[in-house]
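Residue-level structure breakdown
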Amino acid sequence: VSVVHLGVDHDRFKPQTSNRKAQPLVISVGHLKPRKGHHVALRAVALAVKQVPDLRYVIVGKIASAPYAELLLQQAEELGIAGHVEIRTSADDAELLDLYRRASLFVLLPQPDRSHFEGFGLVFVEAAACGLPVIGTRGSGVEDAVADGRNGTLVAPGDADAAAKAMGELLTNSAKREAYARASLEFAKTFTWEKTVEE
């Protein structure tokens, strides 16, 4: 079996470090449905906020399940982090790229949902191409899109504590965050459409 991964448009997905803000910004990109694990990320953010009080978290994703989208809003309120969280159910390409370029960190914590599981995590590579460290989960196609321990951290599905720890480490340790960011740029270069076509 030969696995041929998707490529990334490096003319679009590239960093603009001047856009980075002083306030820590964590983003997730993925449809609003249980398999994407946004509810786990919210629990992780609630823990990370204790270490990084000015953390802001933005989820970008179309509504795939209205009840789940409502649940996320309710969960943010119950966790006491509603003021830190924004959910954008629509964003054009320019807005999405702006978020990638302003963010400090990319997080998406997919988990199996009955017979559904996450395939190749292209958003992780897009984030990496914009110079972001990434946090994801093991046991799915995400493992092909993250260089664990080099440009990001993989945790077990559903493990909000481990995700929060990884977030805290990357947001408070600028040297580690910058090393992961550099590794992300190098890792993302291995995903091109030219390579995909050739393979």
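Refer to the structure above for everything that follows.
Figured I'd write up the structure that's included with this text. Since this is a predicted model, take the numbers as computed values, not measurements.

Observations regarding the overall build of the protein chain
A count of helices and strands for the protein chain gives eight helices and six strands. Counted from the first residue to the last, the protein chain has its helices and strands arranged as β-α-β-α-β-α-β-α-β-α-β-α-α-α. Taking 16 Å as the expected radius of gyration for a compact globule of 199 residues, we find that the protein chain reaches 16 Å, a close match to that expectation. Taking the principal axes of the C-alpha coordinates as reference, the protein chain spans close to 50 × 40 × 30 Å. Looking at the 199 residues of the protein chain, the share that counts as buried comes to 50%. Taking the intrachain contacts of the protein chain between residues at least 6 apart in sequence as the baseline, contacts between residues at least 24 apart amount to 79%. Accessible area of the protein chain: about 9,400 Å², with a carbon and sulfur share of 51%. The distance from the centre of the 23 positive side-chain charges to the centre of the 25 negative ones in the protein chain is 3 Å.

Concerning the packing of aromatic side chains
Under the criterion given, the structure shown has five aromatic pairs. Consider the rings of Phe-120 and Phe-191, whose centres lie 5.8 Å apart with planes at 35°: the pair is tilted. Here Phe-120, found in the loop between strand 4 (105–107) and helix 4 (122–129), pairs with Phe-191, found in the loop between helix 7 (174–188) and helix 8 (193–198); they are 71 residues apart in sequence, far enough to count as distant. On the numbers, 5.2 Å between centres and 70° between planes, the contact of Phe-187 with Phe-191 is edge-to-face. In terms of burial, Phe-187 and Phe-191 fall into one category: buried. In textbook terms, an aromatic cluster arises when at least three aromatic residues are bridged by ring pairs, as seen for Phe-13, Tyr-100, Phe-106 and Phe-124.

Details of the pairing of strand 2 (residues 56–60)
A regular strand places its side chains so that they alternate between the two faces of the sheet. Judged by how many residues are buried, strand 2 sits mostly within the fold: four of five residues are covered. Pairing analysis gives five bridges linking strand 1 (residues 25–29) to strand 2, with the strands arranged parallel. Residue pairing for strand 2: Val-26 is matched across the bridge by Tyr-57. Once the chain exits strand 1 it traverses helix 1 (residues 38–48) before rejoining the sheet at strand 2, and the crossover so formed is right-handed. Bridging between strand 2 and strand 3 (residues 85–88) involves four bridges; their strand directions are parallel. Bridge pairing in strand 3 links Ile-59 to Ile-87. As for the winding sense of the linkage, the β-α-β connection from strand 2 through helix 2 (residues 66–78) to strand 3 is right-handed.

Some details on helix 4
Since the α-helix turns once every 3.6 residues, residues separated by three or four places project in the same direction. Helix 4 sits mainly inside the fold: seven of its eight residues count as buried. In this structure, the buried residues of helix 4 make contact with strand 1, helix 3 (93–102), strand 4, strand 5 (134–137), helix 5 (142–145) and helix 7.

Quick word on unusual backbone geometry
In this structure, Arg-114 is a non-glycine residue whose phi angle is positive, near 55°. Positionally, Arg-114 belongs in the loop between strand 4 and helix 4.

Looking at the packing of helix 4 against helix 7
Two elements in contact, helix 4 and helix 7, have axes whose closest approach is 7 Å; the angle formed by their N-to-C orientations is 115°. When you trace helix 4 past helix 7, the crossing you get is left-handed. For the pair formed by helix 4 and helix 7, the contact residues are Val-125, Ala-128 and Ala-129 on the first element and Ser-184, Leu-185 and Ala-188 on the second. Residues belonging to the contact of helix 4 with helix 7 are distributed by class as follows: five nonpolar, one polar and no charged.

Focus on empty space enclosed by the protein
A full pass over the atoms with the stated rule returns one cavity of 30 Å³ or more. Its boundaries defined by the atoms lining it, the largest cavity holds a volume of some 50 Å³. Around the largest cavity, the lining residues are Pro-110, Gln-111, Pro-112, Phe-117, Glu-118, Thr-137, Arg-138, Gly-139, Ser-140 and Pro-157.

Cut-offs applied
- Residues numbered from 1 in each chain as written.
- Predicted model: local features only at pLDDT ≥ 70, side-chain atom pairs only at ≥ 80, totals over all residues.
- Heavy atoms only, no water.
- Helix = DSSP H or I, 4+ residues; strand = E, 2+ residues; numbered from the N terminus.
- Rg over C-alpha atoms; globule rule 2.2 N^0.38 Å.
- Buried < 20%, exposed > 50% of the residue type's maximum accessible area, 1.4 Å probe, protein only.
- Contact = heavy atoms within 4.5 Å.
- Areas by Shrake-Rupley, 256 points an atom, 1.4 Å probe, with all protein chains shown as cover.
- Lys, Arg positive; Asp, Glu negative; His and termini not counted.
- Charge placed at Lys NZ, Arg CZ, Asp CG, Glu CD.
- Phe/Tyr/Trp six-rings, centres within 6.5 Å; stacked < 30°, edge-to-face > 60°.
- Pairing = 2+ DSSP bridges.
- Right-handed = clockwise from strand over helix to strand, strands pointing away.
- Axes fitted to C-alpha atoms, helices over the stretch in contact; angles between N-to-C directions.
- Left-handed = near helix turned anticlockwise from the far one by under 90°.
- Nonpolar A, V, L, I, M, F, W, Y, C, P; charged D, E, K, R; others polar.
- 1 Å grid on protein atoms, 1.4 Å probe; cavity = no way out; pocket = protein on both sides within 12 Å on 5 of 7 lines; lining within 4 Å.
- Points joined across faces, edges and corners; volume = space filled by probe spheres on them.

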